[in-house]
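Secondary and tertiary structure notes
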Amino acid sequence: MKIKQAINLTAISAAVLALSFSTGCRPETAGSVSVGDAASKVYVAPGQHDEFYNIVSGGFNGQMSVVGLPSGRVLKILPVFSAHPENGYGYTEESKPMLNTAHGFVPWDDLHHIAISTTNGEHDARWAFGNANNTPRIARVDLTSFETVEILEIPNSAGNHSSPFITENTEYVVASTRFSVPVGTDEENDVPIETYKENFKGTVSFIKVGDKGDMSIAFQLVTPGVNFDLARAGKGKSHGWFFFSTYNTEQAHTLLEVNASQRDKDFIMAVNWKKAEEYIKAGKGKTVKAKYAHNKLDHDTHMATSTIMEEVLQLDPKELKDIIYFIPCPKSPHGTDVDPSGEYIVGSGKLAALIPVFSFTKLMEAIDNQDFEGEYDGFPIVRYESALHGVVEKPGLGPLHTEFDGRGNAYTSMFVSSEVVKWSIETLEVLDRQPTFYSVGHLSIPGGPTAKPHGKYLVAYNKITKDRYLPTGPELAHSAQLFDISGDKMQLLLDFPTIGEPHYAEAFPAHLIKDKQVKIYKIEDNKHPYVTKGPGEAKVVRDGNKVHVYMTSIRSHFGPDNIEGVKVGDEVYFHVTNLEQDWDIPHGFAIKGANTAELLIMPGATQTLKWTPDRPGIFPFYCTDFCSALHQEMQGYLRVSPANSTVALKYSVGDTEED
Ligand code: K7E
Ligand code: CUA
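All figures in this text were calculated on a predicted structure; none of them were measured in a lab.

Moving on: a negative patch on the surface. A surface patch of like charges, here negative, comprises Asp186, Glu187, Glu188 and Asp190. Among the structural elements, Asp186 can be located in the loop between β11 (172–176) and α3 (196–199).

Around ligand 1 lies a shell formed by His112, His113, His161, Leu230, His334, His401, Gly441, His442, Lys463 and His503. Grouping the constituent residues of the shell around ligand 1 by class yields 1 nonpolar, 8 polar and 1 charged.

What follows covers the domain arrangement of the protein. Structurally, the protein comprises domain 1 (49–516) and domain 2 (523–652). Distance between the C-alpha centres of domain 1 and domain 2: 43 Å. Counting residues at the interface gives 12 residues for domain 1, matched by 15 residues for domain 2. Contact between domain 1 and domain 2 buries roughly 1100 Å² in total, counting both sides, with carbon and sulfur atoms accounting for 54%. Contact with domain 2 buries surface across domain 1, with Glu93, Glu94 and Asp300 losing the most and accounting together for 37% of the total. Between the two partners, domain 1 and domain 2, sit 0 salt bridges. On the surface where domain 1 and domain 2 come into contact, there are 4 residue pairs in polar contact (both at pLDDT 80 or more). Along the lines of polarity and charge, the residues of the side of domain 1 that touches domain 2 split into 3 nonpolar, 5 polar and 4 charged.

What follows is about the pattern of salt bridges. Side chains that differ in charge, positive against negative, can pair when their charged atoms come close. All chains considered together, the criterion is met by 27 salt bridges. Between Lys489 and Asp432 there is a salt bridge, with the nearest N and O atoms lying 4.0 Å from each other. With Lys489 in the loop between β32 (478–484) and β33 (491–498) and Asp432 in strand β29 (residues 430–435), the pair connects residues that are 57 residues apart, well separated along the chain. Taken together, the salt bridges that share partners define one network made up of Arg232, Asp337 and Glu403.

Right, let's get into the sheet that holds strand β45 (residues 650–652). The 6 strands are arranged β41-β40-β43-β44-β38-β45 in an open sheet whose pairing can be described as mixed. Two strands close off the open sheet at either side, each with one partner strand: β41 (599–601) and β45. Between one strand and the next, the sheet's axes are offset by a mean angle of 20°, whatever the strand orientation. Note that strand β38 (residues 562–567) and β45 share 3 bridges and pair antiparallel. Bridging from a neighbouring strand, Ile563 pairs with Tyr651 of β45.

The next point concerns the sheet that holds strand β12 (residues 202–209). Taken together, 10 strands build an open sheet; the order of strands is β6-β7-β8-β9-β17-β18-β13-β12-β11-β10 and the sheet is mixed. Looking at strand neighbours, the two that pair on one side only are β6 (114–119) and β10 (162–166), the edges of this open sheet. Between one strand axis and the next, the sheet turns by 25° as a mean value, whatever way the strands run. Sheet strands in contact with helix α5 (residues 273–281) are β11, β12, β13 (215–223) and β18 (304–315), and its direction is about 105° off that of β13.

Locating His587 in the fold gives a position in strand β40 (residues 587–591). Among the polar contacts listed, one links the side chain of His587 to the side chain of Glu580, at a separation of 2.8 Å. Leave out the neighbours within four places in its chain, and His587 touches Ser553, Ile554, Arg555, Asn578, Glu580, Leu599, Leu600, Ile601, Cys623, Asp625, Cys627 and Met634.

Another point: the pairing of strand β39 (residues 571–578). Buried residues dominate β39, accounting for 7 of its 8 residues. The pairing of strand β36 (residues 546–554) with β39 spans 8 bridges and is parallel. Of the residues in β39, the one forming a bridge with Thr552 is Thr577. Bridge count for β39 against strand β42 (residues 606–611) is 6 bridges, and the pairing is antiparallel. Its bridge partner being in β42, Val572 is matched across the sheet by Trp611.

Cut-off values and rules
- Residues numbered from 1 in each chain as written.
- Chains lettered and ligands numbered in written order.
- Predicted model: local features only at pLDDT ≥ 70, side-chain atom pairs only at ≥ 80, totals over all residues.
- Heavy atoms only, no water.
- Patch = residues over 30% accessible without salt bridge, like charges linked within 9 Å, V, L, I, M, F, W, Y side chains within 5 Å.
- Areas by Shrake-Rupley, 256 points an atom, 1.4 Å probe, with all protein chains shown as cover.
- Salt bridge = Lys/Arg side-chain N within 4 Å of Asp/Glu carboxyl O.
- Lys, Arg positive; Asp, Glu negative; His and termini not counted.
- Charge placed at Lys NZ, Arg CZ, Asp CG, Glu CD.
- Helix = DSSP H or I, 4+ residues; strand = E, 2+ residues; numbered from the N terminus.
- Near = heavy atom within 4 Å.
- Nonpolar A, V, L, I, M, F, W, Y, C, P; charged D, E, K, R; others polar.
- Domains from an automatic or database assignment.
- Contact = heavy atoms within 4.5 Å.
- Buried area = accessible area lost by both parts, 1.4 Å probe.
- Polar contact = N/O pair within 3.5 Å; in protein donor to acceptor, adjacent residues only side chain to side chain.
- Pairing = 2+ DSSP bridges.
- Axes fitted to C-alpha atoms, helices over the stretch in contact; angles between N-to-C directions.
- Buried < 20%, exposed > 50% of the residue type's maximum accessible area, 1.4 Å probe, protein only.

Right, here's the structure in full:
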């Protein structure tokens, strides 16, 4: 056993060495640019708008950020899977259900991948989808309000990394599991870890997206117990197929660093999802018990609700043939990316010294001719050479991800050699390489994963920053670098720091959404159960030990602004309605000692802060968002009396104050 492991270690020592070398490996040129030229290309004059929206994953901050390109300016931080005190997301009574799961309230996650909705393979930018890696979930963000409007938990998944990836017309958002795990009932899943090979399975979930964006799990495929890393849908001629990169096809459950790097080739798993759909229509699915949360924001009340779902439909591709085929791919592939035409599938083997490019046409021929080189766990393995278009030789070290410019070129990130490499899809020749600073992960070209890339810019999202910015203690800002890719050679234009750790990002032309933005919510359409539609309707109502404050906010006062008769032991709910009907006039609300975040209430909306006073006294509250010249006057007082006090409930609103 020991000897075997020593041999294993030797076998991969070169690769591991290369990987550990990465942080010390410095590209040769300093990466400085001719200031005048580059500056003019990224300069967006004051008052002018950027050409592209870039929706950037925040990694372990669980958020997305919205960045303008080419300026690199951060426009918004958008909470998705993490509570966000800045606007009360995950703290208000309305938003808490959005973060509910089958495990209870989960206020954090790790968001890696963005998928922007498409029609006919082109961005329509109705929604942005994001994945939660840790407690598997998919979120949908509405790009007219820049709000998280839906979160769907994924059952039978563990480490939802290969997710979310989207089909050409947003028919499905697809999520596959990073960790294979047992997928039975809780009792069935209590098995020894060393029974991995018998008991652990992968799942791929096809999530139907309705016309209005609503998500539901249409079916899950149960697959061999491997790790899924990334995926892409086919498009154009490969529409109807989906491609998933796999690693740990060794099915190791310990020391994966060594044990999952044994085979020369892992696989890209090709899935014929049109076929799977047919089987579902023909009633071949099997309903199994599963517990997962489905959370939605109601448009009219602006409240989230969480529903626990009880079952999911599964297909067993082992019984139902011709859904799954494995294509050998060297070695531990990370990204698998499909070119704009849908013909070429690029596998980026982290530990491979070349980049294989597969041809969809050849793959179909090989499948038709049963040109297989064996089976993996009962599924056909397509002969490598038969599906291969060719390989990019000596591209660099540690290929991770590939994007496309729509002019026949591909751009692959090289984590270990810290560079972006441009190559021709047709000839497979390397055309250019530029250093990144440092250790690049994902790349993003506006429209890059679609049928119609706008091949003007490329953003490299880097893992390590080192000396690029003013230092800020042990943790440095993560970094993005913007390149001009309109010419033959890539030109570095700009460094900009990012929010959180960026993984994937997608960018699209600003004109797709900038005139569709929600500016206010109409107060007459507000159906919140505790709405207060005018200052005259403001009131305070006691219901046992619960006190409901129906409060309004408008420049520059709260109604009511004096409240008495609240007692220690009460639960006070401030339901604050923002009566403004003007764009960009939110009001905030905070009260001393509240064990929660502020409210930030958009025009026409109602938000609720729950507060449990812990002692008698006078408690000021105030508006937190500078809303007018009299913002600092936008304040009030709440009196708290002892639990046994007889102070009557009383509130006043401005002109009725002297009663
Ligand atoms: Cu960062 Cu897409 Cu999680 Cu590669 S993954 S870098
Ligand atoms: Cu309202 Cu400041």
